[in-house]
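Tertiary structure, described
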Amino acid sequence: MSRILIVMSAADTWERTDGSAYPTGYWAEEVAAPHEEFVRAGHTVDFASPGGVLQPLDRHSANPEVAGENCAHHVAHAEQALREFGPLRKLTEIDIEQYAAVVLPGGHGPVVDLFQDSDLGRLLIAADAAGKLIGAVCHGPAALLSAVDAQGDWIFAGREMTAFTDEEEELFGTAEGAPWLLAARLREMGAKHSQGPAYQQYNVRDGNLFTGQNPASSGSMAVDMIAALG
């Protein structure tokens, strides 16, 4: 069985264009559903973040009116998994050779810190070069933007992927005042971004890169990755 690294954001607020601070944190389903699938399949999962900081739960992901009727299960599973794991590993201490896959869950945090985290960028460049699996869901694909090589080129340019859409951001009520919109930025950087209906499962695979559009795509992304791990 394989060892899998889940890299979480360390951000708890998202500064808006009007100067206000929007509380954020990890989205429970995007941590819990992949973790549950990986562990069920017999894989070992580690957690890491910038500085080893444990991000708080995004309270929206605990609201059944927002996150669906199964959100209590996802919250409980994520909290237990993180509690049992203990202190998160620091990105600077990660040896990517120890892992077969890297997973990047969302919440709005990745558009605050991970998208420009040079330590994560180095890990992702090394992981991609070694053919390791890389998974990113919802706002998690923002973290892929950190993977800029020594020549200033984004290594995922030209790759097929999906992410939380501009339409979904508008429906969620966070598009206005956002410093930038994820799907638009990915396209600007050269990604071949595609999307399905708002808030419905939609997954894209391009070689070793696995992406999911939204929380509903989290578990299916993990299932696809497990199948590829063999």
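Residues numbered from 1 in each chain as written. Predicted model: local features only at pLDDT ≥ 70, side-chain atom pairs only at ≥ 80, totals over all residues. Heavy atoms only, no water.

This part is about the side chain of H74. As for its position among the elements, H74 is in helix α3 (residues 71-85). Relative accessible area serves as the criterion here: at 10%, H74 is assigned to the buried category. (Helix = DSSP H or I, 4+ residues; strand = E, 2+ residues; numbered from the N terminus. Buried < 20%, exposed > 50% of the residue type's maximum accessible area, 1.4 Å probe, protein only.)

This next bit is on the sheet that holds strand β11 (residues 209-212). Overall, mixed pairing links the seven strands, which are arranged β5-β4-β1-β6-β7-β11-β10 in an open sheet. Sheet topology places β5 (89-90) and β10 (203-206) at the edges, where each strand pairs with a single neighbour. Where strand β1 (residues 3-7) and strand β6 (residues 101-104) come together, three bridges link them in parallel fashion. Bridging across to β6, L5 finds its partner in V102. Along the sheet, helix α1 (residues 28-40) makes contact with β1, β4 (44-49), β6 and β7 (133-137), crossing β4 at roughly 150°. The strands touched by helix α4 (residues 118-129) are β1, β6 and β7; relative to β6, the strand with the most contacts, the crossing angle is about 135°. (Pairing = 2+ DSSP bridges. Contact = heavy atoms within 4.5 Å. Axes fitted to C-alpha atoms, helices over the stretch in contact; angles between N-to-C directions.)

To continue, consider the packing of α1 against α3. Close contact between α1 and α3 brings their axes to 8 Å; oriented N to C, the two are set at 70°. On the basis of their axis angle, the class for α1 and α3 is roughly perpendicular. For the pair α1 and α3, the contacting residues are A28, E29, V31, A32, A33, H35 and E36 in the first and H73, H74, V75, H77, A78 and A81 in the second. (Parallel < 35°, antiparallel > 145°, perpendicular 65-115°, else oblique.)

All right, on to the packing of aromatic side chains then. Under the counting rule described, the total for this entry stands at six aromatic pairs. When the ring of F47 is compared with that of F85, the centres are 5.5 Å apart and the planes differ by 75°; the resulting orientation is edge-to-face. With a gap of 38 residues between them, F47 in strand β4 and F85 in helix α3 connect regions that are remote in the sequence. A relative accessible area of 25% places F85 in the partly exposed class. With a centroid separation of 6.0 Å and 65° between ring planes, the pair formed by F164 and Y199 is classed as edge-to-face. Here F164, found in the loop between β8 (160-161) and α5 (166-172), pairs with Y199, found in the loop between β9 (192-193) and β10; they are 35 residues apart in sequence, far enough to count as distant. Taking the relative accessible area as the measure of exposure, Y199 reaches 32% and is therefore partly exposed. Positioned over the ring face of Y22 is R16, at 5.9 Å from the centre of the ring. Above the plane of the ring of W180 lies R185, whose end atom (NZ or CZ) is 4.4 Å from the centre. (Phe/Tyr/Trp six-rings, centres within 6.5 Å; stacked < 30°, edge-to-face > 60°. Lys NZ or Arg CZ within 6 Å of the ring centre and 35° of its normal.)

Before going further, it helps to spend a moment on unusual backbone geometry. The phi dihedral of C138 falls on the positive side, at around 65°, and the residue is not glycine. Of note, C138 is situated in the loop between β7 and β8. Judged by its relative accessible area of 4%, C138 is buried. Notably, Y199 is not glycine yet its phi reads approximately 65°, a positive angle.

Time to look at α3. Between its first and last C-alpha, α3 extends 21 Å over 15 residues, near the 21 Å set by a 1.5 Å rise per residue. The set of residues buried in α3 consists of C71, H74, V75, H77, A78, A81 and L82. Those residues of α3 that are buried lie in contact with α1, β4 and α2 (64-67). Immediately beyond the C-terminal end of α3, within one or two residues, lies G86, with a positive phi of roughly 90°. (Expected span 1.5 Å × (residues − 1).)

In summary, soluble globular proteins display a tendency toward joint burial of nonpolar side chains. Counting residues in each nonpolar core, the largest one holds 35 residues, and the members touching the most others are L104 and L144. Among the elements of the structure, β1, β6, α4, β7 and α6 (182-188) are those that each provide at least two residues to this core. Per-element tally for this core: the top contributor is α4, with four residues. The next biggest cluster of nonpolar side chains, apart from the first, holds 27 residues, and it includes Y26, F47, A78 and L88. (Core = buried A, V, L, I, M, F, W, Y, C linked by side-chain atoms within 4.5 Å.)

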